[in-house]
Amino acid sequence: MSHIETALLDIRGLDALSVRDSPLRRIDPRAKTLTALAFIVAVVSFGKYEIAGLIPLVVYPIALMAVDGLPPRIVLSKVLLALPFVALIGAFNPVFDRAAMVRIGPLDISGGWISFASILLKSLLTLSAAVILIATTGFSAVCVALDRLRVPRVFVVQLLLLYRYLFVLAEEAARMLRAWSLRSAGRRRLPLGAFGPFAGQLLLRSMDRADRIHAAMLSRGFDGRMRTDRVLRFRAVDAVFVLAWVALFVAARLYNAPRALGEAVMRSLP
Amino acid sequence: MSHHLVEAVDLHYAYPDGTAALRGVSFCITHGESVGLIGENGSGKSTLLLHLNGCLLPSKGQARIGGRPVTKETLRDVRRAVGMIFQDPDDQLFMPTAFEEVAFGPRNLGTPPDEIDALATRALATVGAAHLRDRPPYRLSGGEKRAVAIASVLSMAPDILVMDEPTSNLDPRTRRQIIELLKTFPHTKIIATHDLDLVMDLCRRVIVLHAGRVTADGPTEDIFRHPDLLAEAHLEPPLRMQACPVCAAVIPPPAPCQ
Amino acid sequence: MHMADALISPAVGATMWAASGAVTAYSARRINRQMDDRKIPLMGILGAFVFSAQMINFAIPLTGSSGHLGGGMLLAILLGPHAAFLTIASVLTIQALFFADGGLLALGCNVFNLGFFPCFVAYPLIYRPLAGRRPTPGRLLLGATVASVAGLQLGALAVVIETVSSGISELPFKTFALLMLPIHLAIGIVEGIVTAAVVGYVWKIRPEIVEAAGASRRVGPLPMARLLASLAVAAALTAGVLSWFASSSPDGLEWAMIRASGREELSGPGQGIHARLERLQQRTAFLPDYDFPKPAAEEFAADSEGAAPVVQVGTSVAGLVGAALTLALALAIGLALRAMRPRALAG
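What you see is a predicted model; the values in this text were computed from it and never measured. (Residues numbered from 1 in each chain as written. Chains lettered and ligands numbered in written order. Predicted model: local features only at pLDDT ≥ 70, side-chain atom pairs only at ≥ 80, totals over all residues.)

### Topic: helix α6 (residues 142-154) of chain B
Residues and elements named next belong to chain B. Short version of the rule: Numbering of helices and strands starts at the N terminus; helices are DSSP runs of H or I of at least 4 residues and strands are runs of E of at least 2. The span one expects for a helix is its residue count, reduced by one, times 1.5 Å. Counting other C-beta atoms within 10 Å of each residue's C-beta, where C-beta atoms are placed from the backbone, gives the exposure class: buried for 20 or more, exposed for 12 or fewer, partly exposed between. The contact criterion used is a C-beta to C-beta distance within 7 Å, with each C-beta placed from the backbone.
The terminal C-alpha atoms of α6 lie 19 Å apart, and with 13 residues this matches the ideal 18 Å at 1.5 Å per residue to within 8%. Buried residues dominate α6, accounting for 12 of its 13 residues. Buried residues of α6: Gly143, Glu144, Lys145, Arg146, Ala147, Val148, Ala149, Ile150, Ala151, Ser152, Val153 and Leu154, and no others. Where α6 is buried, its residues meet β6 (82-85), α3 (89-92), α4 (98-109), α5 (113-126), β7 (160-164) and α7 (172-183).

In structure tokens:
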């Protein structure tokens, strides 16, 4: 299966997940979106050498996945795919930061390795927050939330239209690529010279389709303004959702519970 | 009565690159008529349809809906009266869910929100797609997309339905369902199609288009019994008439491919 | 290259979100005022086109590696700067949400780096003057290539600045820049060639599309005030970077040397931009706290990238123990929540 088809399946799969029912579904999408953003900011605000203090925040993705019945392996597979790019940059940290920071017995661990590990952990947390948001809320619900949060309507409409036609165009591209591949001894990669006409063809077809869509919109009275009357009601439970999580994030930021816990345990040992 | 009238008065149209698409098309369709528009590819069918709701404006001549000419000023009213269903449902379903799609038209017309819900629900129920309400278009089958596309036009309560190839790419059962559905609609219907058997089922009148001109306009059975008329327009009689022993005696079989 | 959440500080993330948000709002207002209702489906479709086209790899001759279309310059040519910016932003948003490309906080950076520079700098200031409205194939190639290179170089420079000023990655400015800029120069050249090839093809088959795209906007009288403002911002950024270099360059170099040689102490207090950024971060970050016991030695406090003192064994082991316990607790909570879900909702 070509790269395109795999990617399409991914998107379809993630969005399909969001159609199932769970208590999390009834939470206002704005609340879920804002909480996810607050989570990411909280994670990122930890110091660069921080590892232990971040651990309590793991509760957020874990709890959401559990309540929603989201299989963690789906989230993990997405996040792990994206990790190498961050890891590449983060891997320079041990190179440039060699001063020993932690000494365990004869072993010296440099600050660079600690900050590298911290980067990986932070990535794991923030990237999973994004994936979980889509898997538990669904793309069009997130768009409605954005619209209600005063994101310019033109942009929200753009997101929705892009999402809608993504599948149509990607399938068309996949068909074209397959047809080309069959005539080119099974090669999967276009030579540079062939890309211009290939993409050009796809582009022309796309623009023709845009014209037809425009005609269809006009035929139903479109005048340039997209109207919507999706009503979102922010209820007490939504407010509680946001406030409770934010309180947890703040508490985790202010108070390094794992270290306190560890120290208590160490002290109680003989 | 007059608001159901669809008139073409000597329509002329040329594409941006100069090719003439319509060279003087005229006809008059009255309230409740069900008319099939047939012709080969490139005869100008789709172009003609686009003139009926002002998506294209003619270089000469005029289209008239309900006695009123289709111009830039009257577009809004024309589009309220004329519901157009396009060939590729993917072009027509651009909203996130079927419900939003069906609500798109009424919203543009300024219908109050509570009425919109009722209108949309009724339209979806009419086409048998009530259960598809919250489905995104990419999870609809071809027939379901067709149905939702029809519903999206019905919700605007048009008087006239214009359809471009409503049964293309459908499996036989779905095709039959769509035909039966269309039979129940009291609207004035103009259907451009290659599916001549559909025309026999649905349309009492046929307009034949060839090279941008009307070459025949009359009752369906008459026209389909004139193979020379059809052949001139590069068409054949409907498949079911070709197999009929009575008609086959009159109609020579088409020449085999070389 | 995409920025990643974990490499940005909240200050940098918030700043870039604000910048991207401002440009988005501005672009949206301009598009609304243009009242070209055809643009709306066109933007959606071209966004989907760029998304799909990015998944089609082509072979770069002489290197054997694969490339793909970025699409920023192509969109700017076909849609104009404002619509192109929104389209690029929408593509990046979907990638961030579905493919965890970079992350949601970094989205502000990515939208700015990959959207602002091609659409509002490279396109009007380089492509249009070079290529004009009806370019010959030669000028099209020249304009597309130089503009793509410029846009990508600025974007790459922005990535370096954002990363270094966040203080999470240890990559020094010079090293990172030396890594990013030459690579993006090569990428920019390929992007320009490919963009010119696609536009050239469309131009050949349906010239009216390219002509209409160019004619529908008057790029000449771009709102001068805004243009100057964006140029001023770019200049300020560059000046800031250079002055940072100038003021702390000896420290920067020295400190890099110290790192490499493994010595812990840092001579010289943190001064210049670095300390100022650190103080800014202190004030605007969620809560500044590096969570390591700060010894009386104050000279370490001011330097955000300074060597933290070697931690006592006891504290570090306690940290590990506590972390493991907390993790176990979190997993237990997860399992409990899962078990509590009614059977009917399973799967």
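### What to know about the interface of chain A and chain C
For clarity, the threshold we go by: Residues are grouped as follows: Ala, Val, Leu, Ile, Met, Phe, Trp, Tyr, Cys and Pro are nonpolar; Asp, Glu, Lys and Arg are charged; every other residue, Gly included, is polar. Pairing between strands requires that DSSP locate at least two bridges from one strand to the other.
Contacts between chain A and chain C engage 110 residues on the former and 108 residues on the latter. It is helix α9 (residues 192-219) of chain A that contributes the most residues to the side of chain A that touches chain C, 16 residues altogether. Of the residues in the side of chain A that touches chain C, the class split is 74 nonpolar, 21 polar and 15 charged. Alignment of strand β3 (residues 190-191) of chain A against strand β1 (residues 58-59) of chain C, held across two bridges, turns out to be parallel.

### Things to note about the environment of B:Ile65
Residue and element names in this part refer to chain B. Mapped onto the elements of the fold, Ile65 is located in strand β4 (residues 60-65). Here Ile65 falls in the buried class, since 25 other C-beta atoms lie within 10 Å of it. Placed 13 residues apart in sequence, Ile65 and Val78 show a C-alpha to C-alpha distance of 6.7 Å. Aside from chain neighbours lying at most four places away, what touches Ile65 is Val6, Val70, Val78, Ala81 and Val82.

### Some details on the sheet that holds β6(B)
All names here are of chain B. Which entries qualify depends on this criterion: Only the contacting stretch of a helix is used when fitting its axis, a line to C-alpha atoms as for every element, and angles between N-to-C directions run 0 to 180 degrees.
The strand order across the open sheet built from six strands is β6-β7-β8-β3-β9-β10, with neighbouring strands paired in mixed fashion. In this open sheet, the two strands that pair with only one neighbour each are β6 and β10 (213-219). Strand-to-strand twist in this sheet, taken as the mean axis angle between neighbours without regard to direction, amounts to 15°. Direction of pairing for β7 relative to strand β8 (residues 188-192): parallel, over a ladder of five bridges. Directly across from Ile160, in β8, lies its bridge partner Thr188. The sheet strands contacting helix α1 (residues 45-52) are β3 (34-38), β6, β7, β8 and β9 (205-210), and the helix crosses β7 at an angle near 155°. Against the sheet, α6 touches β6 and β7, its axis set at about 165° to β6.

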